[in-house]
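Architecture at a glance
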Amino acid sequence: MAVLRAIKAVLFLVAAALVSDAAPLLRMPLGLDAFMPVPATNPLTPEKAELGRRLFRDPILSADRSISCASCHDPETSFTDDQPTAVGVYGRVGPRRVPKLLNRGYGRSFFWDGRIPILEEQVLQPVINSLEMDLELSEAVNRLAGDPSYPSEFRETFGREPNQEDLARALASYVRTILSGDSPYDRYLAGEADALDVTERMGLELFRGKGNCVTCHLGPNLTDERFHNTGVGYEDGRFEDDGRFLVSGRDTDRGAFKTPTLRNAAQTAPYMHDGSIATLEDVIDHYEKGGTPTPYLDREIRKLGLTDAEKAALAAFMRSLTGKVQEGLRP
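Conventions adopted
- Per chain, the residues get numbers from 1 upward, laid out in the order the sequence is written.
- Reporting of local features is limited, given that this is a predicted model, to residues whose pLDDT is at least 70; pairs of side-chain atoms are given and counted only at 80 or more, and all residues count toward the totals for whole chains, interfaces and linings.
- Side-chain measures here rest on the full set of heavy atoms in the structure, leaving out hydrogens and waters.
- Axes here mean lines fitted to C-alpha atoms, for a helix over just the part in contact, with angles spanning 0 to 180 degrees between N-to-C directions.
- Only runs of H or I of at least four residues qualify as helices and only runs of E of at least two qualify as strands under DSSP, and these elements are numbered from the N terminus.
- Each angle receives one of four descriptions, namely roughly parallel if under 35 degrees, roughly antiparallel if over 145, roughly perpendicular if within 65 to 115, and oblique otherwise.
- Two helices crossing with the near one rotated counterclockwise from the far one by less than a right angle form a left-handed crossing, whereas a clockwise rotation gives a right-handed crossing.
- In what follows, residue pairs with any heavy atoms lying within 4.5 Å of each other are defined as contacts.
- Any two of the Phe, Tyr and Trp rings considered here, Trp counted by its six-membered ring, make a pair once their centres fall within 6.5 Å; the pair's planes then place it as stacked at under 30 degrees, edge-to-face at over 60, or tilted in between.
- Buried means the residue's accessible area, taken with a 1.4 Å probe over protein chains only, is under 20% of the maximum for its type, while exposed means over 50%, and partly exposed covers the values in between.
- Should the NZ of a Lys or the CZ of an Arg lie within 6 Å of a ring centre and within 35 degrees of the ring normal, that charge is described as sitting over the ring.
- This arc describes the spread of directions from the helix axis toward the C-beta atoms.
- Each residue carries a pLDDT score, the predictor's own confidence in it, on a scale running from 0 to 100.
- Should a side-chain nitrogen of Lys or Arg be within 4 Å of a carboxyl oxygen of Asp or Glu, the pair is scored as a salt bridge.
- Pairs of N or O atoms within 3.5 Å make up the polar contacts considered here, provided that, within protein, one atom can donate a hydrogen while the other can accept it, and that residues adjacent in sequence are counted only when both atoms are side-chain atoms.
- To estimate how far a helix should extend, the number of its residues minus one is multiplied by 1.5 Å.
- Charge counting treats Lys and Arg as positive and Asp and Glu as negative, with His and both chain ends excluded.

**Structural notes on the packing of helix 2 (residues 46-56) against helix 7 (residues 150-158)**
Where helix 2 contacts helix 7, the axes come no closer than 9 Å and their chain directions differ by 155°. In terms of orientation, helix 2 lies roughly antiparallel with respect to helix 7. The way helix 2 lies across helix 7 gives a crossing that is left-handed. Residues E47, K48, L51, R54 and L55 of helix 2 pack against Y150, E153, F154, T157 and F158 of helix 7.

Pasting the structure below:
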């Protein structure tokens with residue numbers, strides 16, 4: 001497995017060197033990086049994105065035809081859901097929170113543990129996962145081939161019949177169009193002085209300073225795309241989920257998970273990889289007390305000494321990160 005992962009990593013680096021810019025086709029919201037890379041093997045087109053959008057919403061890709069990608073990544077809730085952990089076909093419950101898909105076109109790795117390096121590979125994993133959609137890819141392709149309309153759509157988009165590679169390309173293309181920006185925070189940074197009120201501006205200063213949030217939540221997408229142990233899920237001397245360790249095999253990665261974007265965080269409770277923290281205020285309390293002591297707690301996690309007023313200001317700022325969610329390409 002280690003050799004296979006190494007080969008995949010090398011192939012990803014080669015592919016990543018051959019990219020094109022998706023931005024000209026995207027309605028890029030205020031605040032996001034103007035350059036979004038896409039693999040040269042899957043240039044973004046309106047036809048692919050639209051086919052991917054339809055597939056994303058179609059329960060044809062689940063074993064019992066009861067759920068679609070959108071069942072868990074709900075457009076109405078910033079492309080996640082309100083459950084602590086994922087619920088798949090036949091009511092099967094997974095171990096981790098559904099990640100939100102906002103701005104994932106900028107992602108460097110995928111899933112909470114970063115086990116997948118490229119979006120075209122990631123989008124098929126929920127289809128085959130027994131706790132999610134539980135459908136063999138061969139059966140997924142057979143279903144698409146036998147559908148009244150999908151064969152013609154695949155031919156128009158890719159010039160051939162439905163197949164696994166083009167299914168992945170279509171879904172990945174659509175996911176790259178799911179964007180959130182133009183929040184009050186973005187407008188404030190762009191020079192609109194009254195986009196944030198006094199309390200929200202105080203929260204921004206805390207976010208950058210005393211709260212130490214910007215150490216991990218930085219850049220246009222407010223994430224470093226790295227893995228950190230924050231003490232969540234540690235009880236009785238063990239982690240309920242070993243997280244990044246299951247991918248890397250390094251003890252120092254036990255209990256470490258990828259930093260999520262904070263965009264639209266106010267709309268995406270509950271929080272953390274296991275959905276164990278109910279509100280933004282509870283998240284702030286967790287960090288204010290220095291997390292939960294573990295053998296590998298991230299060195300940036302420490303008691304913050306925030307006052308009640310400071311915690312309220314930080315929560316207010318977090319709510320200012322709620323932006324406009326959009327999908328699709330320029331007309």
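**A few points about the packing of aromatic side chains**
The relative placement of two aromatic rings is captured by the distance of their centres and the angle of their planes. Under the criterion given, the structure shown has 6 aromatic pairs. Ring centres 6.2 Å apart and planes at 55° place the aromatic pair F56 and F79 in the tilted group. Taken together, the residues span a long stretch of sequence, with F56 in helix 2 and F79 in the loop between helix 3 (69-72) and helix 4 (119-122) at a distance of 23 residues. Each member of the pair, F56 together with F79, is buried. Geometrically, the ring pair formed by F207 and F317 is tilted, given 5.1 Å between the ring centres and 55° between the ring planes. Of this pair, F207 sits in helix 10 (residues 198-208) while F317 is found in helix 13 (residues 308-319), placing the two residues 110 residues apart along the sequence. With relative accessibility at 3%, the residue F207 sits in the buried group. Judged by relative accessible area, F317 falls into the buried class, the value being 0%. Ring pairs connect the aromatic residues F56, F79 and Y174, which therefore count as one cluster. Taking the ring centre of Y150 as reference, the NZ or CZ of R54 above it sits at 4.0 Å.

**Comments concerning helix 2**
Taken together, the buried positions of helix 2 are occupied by K48, A49, L51, G52, L55 and F56. For helix 2, the buried positions fall inside an angular range of 165° around the axis, keeping them on one side. Those residues of helix 2 hidden inside the fold are in contact with helix 3, helix 6 (137-145), helix 7 and helix 8 (164-176).

**Re the confidence of the model for the chain**
With 93% of its residues at a pLDDT of 70 or more, the chain has an overall mean of 93. Scored below 50 in pLDDT, residues 1-17 makes 5 contacts in the model with residues more than four places away or belonging to other chains.

**Section: the pattern of salt bridges**
Any two side chains of opposite charge can pair, so long as their charged atoms come close to each other. Within the structure shown, the criterion is met by 28 salt bridges. One salt bridge in this structure joins D81 and R97, with 2.8 Å as the shortest N-O distance. Of this pair, D81 sits in the loop between helix 3 and helix 4 while R97 sits in the loop between helix 3 and helix 4, and the two are 16 residues apart along the sequence. This pair shows no difference in class: D81 is buried, exactly as R97 is.

**A short note on unusual backbone geometry**
Across the junction of A269 and P270, the peptide omega takes the value -5°, indicating a cis bond. Examined against the element boundaries, P270 turns out to sit in the loop between strand 7 (257-258) and helix 12 (280-288). Even without being glycine, S78 reaches a positive phi, approximately 55°. Secondary-structure assignment places S78 in the loop between helix 3 and helix 4. Assessed through its relative accessible area of 2%, S78 is described here as buried. In this structure, D182 takes a positive phi of about 55° despite not being glycine. The topology assignment puts D182 in the loop between strand 3 (179-181) and helix 9 (184-189).

**Some points on the environment of H217**
With respect to the secondary-structure elements, H217 resides in the loop between helix 10 and strand 4 (227-228). The class of H217 is buried, set by a relative accessible area of 13%. In contact with H217, other than residues within four places in its own chain, are F207, L222, T223, T259, P260 and L262. Looking at H217, its side chain comes within polar contact range of the main-chain oxygen of L222, at 3.1 Å. Here the side chain of H217 touches P260 through a polar contact of 3.3 Å, landing on its backbone oxygen.

**Brief notes about helix 8**
An α-helical segment advances 3.6 residues per turn. Residues three or four places apart therefore align on the same side. Counted at 1.5 Å a residue, the expected span for helix 8 with its 13 residues is 18 Å, and the 19 Å between its end C-alpha atoms agrees. Most of helix 8 sits inside the fold, with 10 of its 13 residues counted as buried. Packing partners of the buried residues in helix 8 comprise strand 2 (37-39), helix 2, helix 4, helix 6, helix 7 and strand 3.

**Observations concerning the side chain of K100**
Its location among the elements puts K100 in the loop between helix 3 and helix 4. Notably, K100 is buried but unbridged: the nearest opposite-charge side chain belongs to E225, and the N-O separation is 11 Å. A polar contact is formed between the side chain of K100 and the backbone oxygen of T261, at a distance of 3.2 Å. If we ignore the near neighbours within four places in the chain, the residues touching K100 are S78, F79, T80, T261, L262, R263, N264, A265 and T268.

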